[in-house]
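Listed here are the chains, written in short residue letters.
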Amino acid sequence: MKHTKVKDLLNSAPGLHEVKAKGWVRTFRNNQFIALNDGSTINNIQCVVDFENTPEETLKRITTGAAVCVVGTLTESQGAGQKVEIQVSKIEILGDSDAEKYPMQPKKHSLEFLRENAHLRIRTNMFGAIMRVRSTLSFAVHQYFQEKGFFYVNTPIITGSDAEGAGEMFRVTSLPFDGTPRTEDGKVNFKEDFFGRETNLTVSGQLEGETYAMALGQIYTFGPTFRAENSNTSRHLAEFWMIEPEVAFNNLADNMDLAEDFIKYVIKYTVDKCGEDLKFLEQRLIDEEKSKPQAERSEMTLLEKLSFVMDNNFKRVSYTEAIDILKDSKPNKNKKFQYLIEEWGADLQSEHERFLVEKHFKCPVILFDYPAKIKAFYMRLNDNTEPGRDTVRAMDILFPGIGEIVGGSQREERYDVLLEKMKALEIDEKELYWYLDTRRFGSAVHSGFGLGFERLVLFVTGMSNIRDVIPFPRTPQNAEF
Ligand code: ATP
Ligand code: MN
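### Overview of the packing of aromatic side chains
- Scanning the entire structure with this criterion turns up 22 aromatic pairs.
- Judged by centre distance (5.2 Å) and plane angle (80 degrees), the rings of Tyr-144 and Phe-145 are edge-to-face. Per residue, the accessibility class of Tyr-144 equals that of Phe-145, and both read buried.
- Between the aromatic rings of Trp-434 and Tyr-435, the centroid separation amounts to 6.2 Å while the plane-to-plane angle is 75 degrees, which identifies the pairing as edge-to-face.
- Exposure remark for Trp-434: the relative accessible area of 23% places this residue in the partly exposed category.

And the structure:
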């Protein structure tokens, strides 16, 4: 007989036929009640062992973390909290777990401890819930774009272009450290490297994605990206997953509409599919916030926050308006900001973004039309700006508790303007000839954005550290597992 998933058993009507379940013991109470979990759901199934007719030797091996197979009948449960339970007639220990040594004890562990045990933390309710939500969100991403007729493009992970400027890169090389081949003037001779040139891990698939949008119309990428930025924050990973749609003929307003619609869709999809996991995560957040002073606790529960995002329009605010708000804000006047906003042109730090989202607007905000000099070379220069106030059609979406979740723009479609910008920034046009070709042959208005998948998972799960929403986080000084 094949075993049935715990999720399906819990949804079955009791009956006299035999069922089989396999999973890991979460707890074993009174020598009688096993709480069995197989990962299919956050809920455990209670398995009632007939301890009088089970050898002592076997009972001793039913310990937290052990893998077991039980056979029995599914009966109506007498206990509170579950409809059905298994009256066990046969139990087999598949894999023992030494109760003294098993790190995941049935008690509260710190998130830090769980991070150190990332290979086992997935056996806790919290990480089971987070990773099921993550999986559902991934599927929703594909479903959204596929339903809308976008094509999924796999841009290269090893790239030859180092001009993207999105962040510090990790080098990819097969050259030896000792006896590195040198050119006559003493520089590393990359001609002898695997690819015959310098290569890096990608920081973004955008530039390659644009070439595909200019043929397939609407495309998206969803893959790993890498940034060697030494920023040890709760929002940055060295390896993270990014979703990058790119659409021919979309302008900045279309781009904002797409991003907003997309985010609402994937959240709704996940709320509909992951109700039990989200309920659990909501309670976790409430419990966590009990240790905070009243003023720092959220006004809304997790599910309320998710509904709020789904039901309300994101507030669209130009950079110039945002600067005026920030200049006049209390923390700016009281010099509470670490970086004071003095004039137009200042780059926004996360403290400013969070002020706008959490204190001022109290909803997701789309900031647009940023100063050209603080944004990337490929962004569309706005026409008719005031002298000395060149802006580009960029947009960032800021979320409460997260800060920047999306960065995007309408792209500069004019060959001459793009080339001039690259020259001014000393970006090698020979390196990016293929990117310039999209503007030489059949150029058109187009736009896209990048959404950091883990930041989305952070928001949906209500977790606060990005290391807790990816299975095996990569951060400075840490690549365990
Ligand atoms: P930030 O200012 O937060 O560092 P960024 O401006 O460098 O972000 P972009 O280059 O616009 O970000 O990348 C697009 C999106 O990718 C961001 O909006 C964010 O959601 C995500 N992202 C960027 N860097 C990281 C990182 N190191 N770890 C996780 N997600 C990231
Ligand atoms: Mn960054």
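### Concerning the pairing of strand β11 (residues 239-248)
- Of all ten residues that make up β11, eight are buried, and the element is covered over most of its length.
- Note: strand β10 (residues 218-226) against β11, nine bridges, orientation antiparallel. By the bridge assignment for β11, Phe-222 is matched with Ile-243.
- As paired strands, β11 and strand β16 (residues 446-452) are joined by five bridges and run antiparallel to one another. Bridging from a neighbouring strand, Met-242 pairs with Gly-452 of β16.

### Digging into the sheet that holds β16
- Taken in spatial order, the eight strands make up an open sheet running β6-β10-β11-β16-β15-β14-β13-β12, and their pairing is mixed. Since the sheet does not close on itself, it has two edges, and those belong to β6 (151-152) and β12 (315-318), each with one partner.

### Topic: the sheet that holds strand β2 (residues 33-37)
- The strand order around the closed barrel built from five strands is β1-β2-β3-β5-β4, with neighbouring strands paired in mixed fashion. Across this sheet, the average inter-strand angle for adjacent strands is 55 degrees, counted without regard to direction.
- Summarising the sheet, strand β3 (residues 45-49) and strand β5 (residues 84-95) pair through four bridges and their orientation is parallel. Residue pairing for β5: Cys-47 is matched across the bridge by Ile-86.

### Considerations on the packing of helix α4 (residues 125-147) against helix α14 (residues 453-461)
- Contact pair α4 / α14: the axes reach a minimum separation of 10 Å and the direction vectors enclose 125 degrees. Here α14 runs oblique to α4, going by the angle between their axes. Where α4 crosses over α14, the handedness of that crossing is right-handed. Only Phe-453, Glu-454, Leu-456, Val-457, Val-460 and Thr-461 of α14 make contact with α4, whose side of the interface consists of Ile-130, Val-133, Arg-134, Leu-137, Ser-138 and Val-141.
- Counted by class, the contact of α4 with α14 contains eight nonpolar, two polar and two charged residues.

### Notes on the packing of helix α8 (residues 302-311) against α14
- The interhelical angle for the contact between α8 and α14, taken along N-to-C directions, is 120 degrees, at an axis separation of 8 Å. If you check the angle between α8 and α14, you find them oblique. In contact with Leu-302, Lys-305, Leu-306 and Val-309 of α8, α14 contributes Phe-459, Val-460 and Thr-461.
- Considering only residue class, the contact of α8 with α14 consists of five nonpolar, one polar and one charged.

### Overview of unusual backbone geometry
- Unlike most non-glycine residues, Lys-362 shows phi in positive territory, near 55 degrees.
- Position of Lys-362 among the secondary structure elements: in the loop between α11 (350-361) and β13 (365-371).
- Overall, the relative accessible area of 48% leaves Lys-362 in the partly exposed class.
- Of note, the phi angle at Phe-481 is positive, near 80 degrees, even though the residue is not glycine.
- We classify Phe-481 as partly exposed; its relative accessible area is 41%.

### Overview of α11
- Between its first and last C-alpha atoms α11 spans 15 Å; for twelve residues at 1.5 Å apiece the expected length is 16 Å, and the two agree.
- What α11 keeps buried is the set His-352, Glu-353, Phe-355, Leu-356, Val-357 and Phe-361.
- Buried residues along α11 sit in contact with β12, α9 (319-327), α10 (330-333), β13, β14 (391-399) and β15 (403-410).
- Positive phi appears at Lys-362, one or two residues downstream of α11, with a value of about 55 degrees.

Rules behind the numbers
Residues numbered from 1 in each chain as written. Chains lettered and ligands numbered in written order. Predicted model: local features only at pLDDT ≥ 70, side-chain atom pairs only at ≥ 80, totals over all residues. Heavy atoms only, no water. Phe/Tyr/Trp six-rings, centres within 6.5 Å; stacked < 30°, edge-to-face > 60°. Buried < 20%, exposed > 50% of the residue type's maximum accessible area, 1.4 Å probe, protein only. Helix = DSSP H or I, 4+ residues; strand = E, 2+ residues; numbered from the N terminus. Pairing = 2+ DSSP bridges. Axes fitted to C-alpha atoms, helices over the stretch in contact; angles between N-to-C directions. Parallel < 35°, antiparallel > 145°, perpendicular 65-115°, else oblique. Left-handed = near helix turned anticlockwise from the far one by under 90°. Contact = heavy atoms within 4.5 Å. Nonpolar A, V, L, I, M, F, W, Y, C, P; charged D, E, K, R; others polar. Expected span 1.5 Å × (residues − 1).

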